[in-house]
Amino acid sequence: TAQLPPGVVSLTTYDAEGFASRKYDASFAATSGTAGIEYQPDGQTLYYAKYSRGFKAGGFRTGVDILYSPSPLTKEETVDAFEVGLKQQIFDGRLQTNLAAFFYTYQDLQIPLTVTNTSGALAASDAILFNVPESESKGFELETIWQPIDRLQIVFNYGYLDTKITEGLAIDPSDPA
């Protein structure tokens, strides 16, 4: 009996016209949601903190362009997101300032990846959705909207993002050896 890849439930079969097919099966489920608190000491200021749990279902990378990939299944992705922030209006509402800091931890982050054929034979590369086992993203954002006079707004935004893979290994498509 042939060992089938995860999610593949039948061997590849060919019909009378030479069209190939195989069957897939997987199910994905999770609980997600958001919890947070807000504090508004006055009508112009809001402090907040929140936690969110996100989920993206897995699936299959199938189609004529992948030549029956040996790894068609992509696992589900989850994220734990933490955010704190401040929103404030000053100068009679003419200056709005929003500041937020965040930290996200991902499990099985889904990223598109092209795996180059290194067999030396004439064959297509394999395009997959790859699961990065563990990664994180952290940063902050500053947004200001200043309206010094009616019908004129000056906007300034700044964002900082620091991301890294904390666990995982993949083939570098530009240097597969």
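Residues numbered from 1 in each chain as written. Predicted model: local features only at pLDDT ≥ 70, side-chain atom pairs only at ≥ 80, totals over all residues. Heavy atoms only, no water.

A look at the overall build of the protein
Item 1. Helix and strand content of the protein: zero helices and ten strands.
Item 2. Relative to its full complement of 177 residues, the protein shows a buried share of 23%.
Item 3. For the protein, the proportion of contacts with a sequence separation of at least 24, taken over those separated by at least 6, is 55%.
Item 4. Accessible surface computed for the protein: about 12,200 Å², of which carbon and sulfur atoms make up 55%. (Helix = DSSP H or I, 4+ residues; strand = E, 2+ residues; numbered from the N terminus. Buried < 20%, exposed > 50% of the residue type's maximum accessible area, 1.4 Å probe, protein only. Contact = heavy atoms within 4.5 Å. Areas by Shrake-Rupley, 256 points an atom, 1.4 Å probe, with all protein chains shown as cover.)

Let's talk about the pattern of salt bridges
Item 1. Evaluation of the coordinates by the stated rule reveals six salt bridges.
Item 2. Ionic pairing is found between Arg 53 and Asp 80, a salt bridge with its closest N-O pair at 2.9 Å. Highlighted residues: Arg 53 in strand β4 (residues 45-56) and Asp 80 in strand β7 (residues 77-90), separated in sequence by 27 residues.
Item 3. Where Lys 138 meets Asp 162, a salt bridge forms, and the shortest distance between an N and an O atom there is 4.0 Å. Pair noted here: Lys 138 is in strand β9 (residues 126-149) and Asp 162 is in strand β10 (residues 152-167), with a separation of 24 residues, a long-range link.
Item 4. On the basis of relative accessible area, Asp 162 is assigned to the partly exposed category, the value being 29%. (Salt bridge = Lys/Arg side-chain N within 4 Å of Asp/Glu carboxyl O.)

A few points about the side chain of Ser 137
Item 1. Secondary-structure assignment places Ser 137 in strand β9.
Item 2. Ser 137 has contacts with Phe 102, Phe 103, Tyr 104, Tyr 106, Leu 161, Asp 162 and Thr 163, leaving out every residue within four places of it along the chain.

Structural notes on the packing of aromatic side chains
Item 1. With the rule as written, the count across this model stands at seven aromatic pairs.
Item 2. Summarising the aromatic geometry, the rings of Tyr 24 and Phe 60 are spaced 5.0 Å apart at their centres and angled 45° between planes, so their arrangement reads as tilted. You can see Tyr 24 sitting in the loop between β2 (20-21) and β3 (33-42) and its partner Phe 60 sitting in strand β5 (residues 59-60), a full 36 residues away along the chain.
Item 3. Residue classification places Tyr 24 among the partly exposed residues on the basis of a relative accessible area of 26%. (Phe/Tyr/Trp six-rings, centres within 6.5 Å; stacked < 30°, edge-to-face > 60°.)

Topic: the environment of Ala 49
Item 1. Relative to the helices and strands, Ala 49 is located in strand β4.
Item 2. Sequence spacing of Ala 49 and Ile 37 is twelve residues, and the spatial spacing of their C-alpha atoms is 5.5 Å.
Item 3. Not counting the four nearest positions on each side in its chain, Ala 49 is found in contact with Ala 35, Gly 36, Ile 37, Glu 83 and Val 84.

Regarding the side chain of Thr 78
Item 1. By secondary structure assignment, the location of Thr 78 is in strand β7.
Item 2. Residue Thr 78 is classed as buried on the basis of its relative accessible area of 12%.
Item 3. Filtering out sequence-adjacent residues up to four positions away, Thr 78 remains in contact with Arg 53, Gly 54, Phe 55, Thr 105, Tyr 106 and Gln 107.

Examining a nonpolar patch on the surface
Item 1. Together, Leu 99, Phe 140, Phe 156, Tyr 158 and Tyr 160 make up a nonpolar patch on the protein surface, roughly 480 Å² of accessible area in all.
Item 2. Broken down by element, the nonpolar patch gets its largest block of residues, three residues, from β10.
Item 3. For Tyr 160, a relative accessible area of 39% translates into the label partly exposed. (Patch = residues over 30% accessible without salt bridge, like charges linked within 9 Å, V, L, I, M, F, W, Y side chains within 5 Å.)

A short note on the pairing of β4
Item 1. Pairing of β3 with β4, which is carried by eight bridges, proceeds in the antiparallel orientation. Looking across to β4, one finds that Thr 34 is bridged to Ser 52.
Item 2. As consecutive antiparallel partners, β3 and β4 are separated by two residues.
Item 3. With twelve bridges joining them, β4 and β7 adopt antiparallel strand pairing. Within β7, the residue paired with Tyr 47 across the bridge is Leu 86. (Pairing = 2+ DSSP bridges.)

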